[in-house]
Amino acid sequence: MDKETQPPAASSHPRHHAVPPYLLAAMAACDGAWEAPESMREIISSQPTLDKADGPVSVTRTRIATRARQTMLLDQALLHERSTAHQKLTWLIEPTGRLNRIISDAQGVEITPGTLIRSEGQKPSADIDVNRAYDGLGHVYGFLADLFKRNSLDGSGLVLRGTVHYGEHYDNAFWDGTQMVMGDGDGEIFNSFTSSLSVIAHELGHGLLQYTTNLQYQGQSGALNESIADVFGALVEQFVAGDDAAHASWLIGKGLFTKAVTGVALRSMIEPGTAYNDSILGKDPQPATMAEYVKTTEDNGGVHLNSGIPNRAFALFAKALGGNAWETAGSLWFNVIATRTLPENADFATFAEQTLLQARRDHGAGSAVESALKQAWDTVGVVPRLKENDDE
Amino acid sequence: MSESLRIRVVRSGGVAGISRRGILELPAQEPSGQQDPDWFTMAHQALNQLRSIQEPATAPAVRDAFTWSLNIDGEDHVVPDQLLVGPARTLAEHVITLRGSR
Ligand SMILES: [Zn+2]
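Keep in mind the model is a prediction, meaning the values are calculated, not measured.

Participant: I'd like to hear about the coordination of the zinc ion, residue by residue, with values.
Facilitator: Around the zinc ion, the protein contributes the donor atoms A:His202 (NE2), A:His206 (NE2), A:Glu226 (OE), A:Glu226 (OE), B:Asp64 (OD) and B:Asp64 (OD), which lie 2.0 to 2.6 Å from the metal centre. In this structure, the zinc ion is coordinated by six donor atoms arranged in irregular fashion, with angles at the metal of 52 to 147°. Here A:His206 is found in helix α7 (residues 197-210), whereas its partner A:Glu226 is found in helix α8 (residues 219-241), with 20 residues between them in sequence. Comparing A:His206 with A:Glu226, the two get one shared label, buried.

Following this line, the structure appears as structure tokens:
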């Protein structure tokens, strides 16, 4: 249903086969917002550099780089479909690499990584947390590879590392900049943090952002960072379960609360603010619209609260389109962060505008996809901010 | 050290985004050294420690870490989880277990 007329993307990149891959890579890296995979760097550095002057040229350079990165994404997808015919190009665009997982055990201490307990290809451990972490990382890798033709978080086969049993009764999971770290939970309110695939994938979503658009972890850009990690977490879980947008729970962290808690999950993307209402925890504080935006100095400016607003926009958009959320809606979100068209301090309005531009690029102006997306942002009260020199 | 002392702690953030907070009031009449443990001494050690914490120059890459806000005797300190160690951590973790105020 999203195949309206022949892909507009193809017509907007009429010459993409005429541009040699090394030049494309150099163009994609010319604004400094993208680091070429290792296998490309030597080739790029051996090519004559593009104009290095500053000023107005840098605007042009940003545009050149953005275009080139979009073309590369398109190329990556195309090459994958015809990988046998294009072996030589494939190694350029996609450096060799494969799934490689390493799980360590912190044994109740707040240290990372801890003791190596299961590496890639080894048999399941007797420890359920080890196995859930290992399997979760595998699902994340498979999701990126199958859907976005991306080789791990960095596109270059980054080893996926996880630490389990971090700290004592530790009520958290986090991404430390190099790996995910999972606590066991206190057993009274929280179960082990490995018990939810959406939480595992959420942490890896932060890793994906770090290697694509590293949104600043404060205020609205921080809430976008959180939201995109939630989108990633939900999509991996839906993909593995085979749930389409209509049947998905849109919950983050289902199964994480113990039975003592009155609540279903940490967050609801489709109905923010309804995930729990408990005598000890209180009520889920997430806002569902801009009118309820939470101003606070805690939590880096409420990054885990205000993420409810863009979360809901995504869930509404995906449900309006129907089918699998990871397809049209998910790839649109992925393209926005992977092409690095977004400034790292982007607010909700700027992000909304970039998603709409991406919708026009991927599906055409006036398409059903674009209008569903407009409607979603409108419902949550985010007014996309138009910027000049958007020539799409 | 003989005056009363109030310590307020908030632990915010984390992947769950659920804050926990607590207050510890140390009455003036209770002489230092007679509590178990000696929270007065620990609070002053914590203050000295918090005043000397150096924030890294570059923004940390860690995501979903807890953020701690400590107010000791009217003095505010905000500390990322990884930098909260020693007496300040012991004190902070103790305070958020009080009053069941999650
Ligand atoms: Zn997060």
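There's more to say after this.
Participant: I'd like to hear about the sheet that holds strand β1 (residues 5-13) of chain B, residue by residue, with values.
Facilitator: Residues and elements named next belong to chain B. Sheet architecture is open: four strands sit in the order β2-β1-β3-β4, paired in antiparallel fashion. Two strands in the sheet have a free side with no partner beyond their single neighbour: β2 (20-26) and β4 (75-80). Direction aside, neighbouring strands of the sheet carry axes that sit 15° apart on average. In this structure, β1 lies alongside β2, joined through seven bridges in antiparallel fashion. Its bridge partner being in β2, valine 9 is matched across the sheet by glycine 22. Across the face of the sheet, helix α2 (residues 86-95) comes into contact with β1, β2 and β3 (66-72) while running at roughly 90° to β3.

Participant: Explain the environment of A:Lys254 to me, and be specific about the residues and the numbers.
Facilitator: Examined against the element boundaries, A:Lys254 turns out to sit in the loop between β6 (251-252) and β7 (267-268). Those residues in contact with A:Lys254, other than ones at most four positions away along the chain, are A:Ser195, A:Ser196, A:Ser198, A:Ser249, A:Val264 and A:Ala265.

Participant: How would you summarise the sheet that holds strand β4 (residues 173-175) of chain A if you had to cite specific residues and measurements?
Facilitator: Note: strands within a sheet are paired through backbone hydrogen bonds, in either parallel or antiparallel orientation. Residues and elements named next belong to chain A. Across the sheet, which stays open at both edges, the five strands sit in the order β2-β1-β3-β5-β4 with mixed pairing between neighbours. Bordering the open sheet on either side are β2 (115-119) and β4, each of which pairs with just one other strand. Mean inter-strand twist for the sheet, computed between neighbouring axes without regard to direction, equals 20°. As defined by bridge partners, β4 adjoins strand β5 (residues 180-183) across three bridges and the pair is classed as antiparallel. Bridge pairing in β5 places tryptophan 175 opposite methionine 180. Along the sheet face, α7 touches β3 (160-166), β4 and β5 and points at about 15° away from the line of β4.

Participant: So what's going on with the side chain of A:Asp186? Residues and values would help.
Facilitator: Residue and element names in this part refer to chain A. With respect to the helices, strands and loops of the structure, aspartate 186 is situated in the loop between β5 and α7. Of the polar contacts made by the side chain of aspartate 186, one reaches the backbone nitrogen of glutamate 188; its length is 2.7 Å. Within polar-contact distance, the side chain of aspartate 186 engages the backbone nitrogen of isoleucine 189 at 2.7 Å.

Participant: Tell me what's going on with the nonpolar core, and back it up with residues and numbers.
Facilitator: The biggest cluster of nonpolar side chains holds 83 residues, and the ones touching the most others in it are A:Trp250, A:Phe317 and A:Trp333. Among the elements that make up this core, the one with the highest residue count is helix α6 (residues 128-148) of chain A (nine residues).

The rules behind each value
Residues numbered from 1 in each chain as written. Chains lettered and ligands numbered in written order. Predicted model: local features only at pLDDT ≥ 70, side-chain atom pairs only at ≥ 80, totals over all residues. Heavy atoms only, no water. Donors = N, O, S within 2.8 Å, 3.2 Å for Na, K, Ca; no water. Tetrahedral: all angles 85-135°; square planar, octahedral: opposite > 155°, others 65-115°. Helix = DSSP H or I, 4+ residues; strand = E, 2+ residues; numbered from the N terminus. Buried < 20%, exposed > 50% of the residue type's maximum accessible area, 1.4 Å probe, protein only. Pairing = 2+ DSSP bridges. Axes fitted to C-alpha atoms, helices over the stretch in contact; angles between N-to-C directions. Contact = heavy atoms within 4.5 Å. Polar contact = N/O pair within 3.5 Å; in protein donor to acceptor, adjacent residues only side chain to side chain. Core = buried A, V, L, I, M, F, W, Y, C linked by side-chain atoms within 4.5 Å.

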